[in-house]
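Report on the structure
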Amino acid sequence: VSLLAQEVIEGGRPFETRTRDSNDRWLLVRLLPYKQSTGKIAGMVMLFFDIDDQQRAFERARTDRVRYAKIVARQTDAVLRLNPDLTISFASELAAQWFGREPDALLGTSFPELFGTERDQISEWLMLGTDPRLRVRLADPAPDAPEWVEWAATPLADEKGHVFEHQVLGRDVQSTAKLHAK
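First, a word on scope: everything that follows refers to the structure included in this document. (Residues numbered from 1 in each chain as written. Predicted model: local features only at pLDDT ≥ 70, side-chain atom pairs only at ≥ 80, totals over all residues. Heavy atoms only, no water.)

**Some thoughts on unusual backbone geometry**
- For D24, which is not a glycine, the phi torsion comes out positive at approximately 65 degrees.
- Classification of D24 as partly exposed rests on a relative accessible area of 36%.
- At L86, a position not held by glycine, the phi torsion is positive, near 70 degrees.
- Its relative accessible area of 5% is what places L86 among the buried residues. (Buried < 20%, exposed > 50% of the residue type's maximum accessible area, 1.4 Å probe, protein only.)

As structure tokens, then:
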């Protein structure tokens, strides 16, 4: 601490770090230069904030995201999560492959817009939520993507019934669609 204190006092720059105390609780530690009314640095102020609850929640959320990504990676279905405005907030590797993009490139994209002329049907299906499944042709599928996909959507709502997310799964039904066409 003495070297840091010396740097804060001599350099006049604050320092901040997260650390654990002797009871294994997370603390935010700030070292600030203490200036006199003349502007001369006369010492240092140390501030300690208990951030244990926030840090542990952050770690749980990070672990949950990693676990979710591992589960999704083993899925045989394409997985998408949509914001209430139907823009994509998460895309699995398979979903991205079907649309010929990287997962990050799909983030913020309007899901219905990916379906060309079928976009109004997709929007209505998601917004009304009357039918849990919709079979639709991909507008411009990537080379290895199925042409026909059956989508299943689950709206997630808060206690007041406001939808805050749609979880959408896409299943390749190419062979079934070809059989029905014959």
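**Details of the sheet that holds strand β7 (residues 148-157)**
- With antiparallel pairing, the 5 strands of this open sheet are ordered in space as β5-β4-β8-β7-β6. Of all strands in the sheet, those bounded by a partner on one side alone are β5 (88-91) and β6 (133-137). In this sheet, adjacent strand axes meet at a mean angle of 25 degrees when their direction is disregarded.
- For β6 and β7, the ladder comprises 5 bridges, and the chain directions are antiparallel. Bridge assignment links L134 to a residue of β7, and that residue is W151.
- With respect to the sheet, helix α5 (residues 119-128) is in contact with β4 (78-82), β6, β7 and β8 (163-172), its orientation differing from that of β6 by roughly 170 degrees. (Pairing = 2+ DSSP bridges. Helix = DSSP H or I, 4+ residues; strand = E, 2+ residues; numbered from the N terminus. Axes fitted to C-alpha atoms, helices over the stretch in contact; angles between N-to-C directions. Contact = heavy atoms within 4.5 Å.)

**A look at the nonpolar core**
- Membership of the largest hydrophobic core comes to 26 residues, with the highest contact counts inside it found for L80, F111, F115, L126 and W151.
- Looking at this core, the elements that each hand over two or more residues are β4, β5, α3 (93-98), α5, β6 and β7. (Core = buried A, V, L, I, M, F, W, Y, C linked by side-chain atoms within 4.5 Å.)

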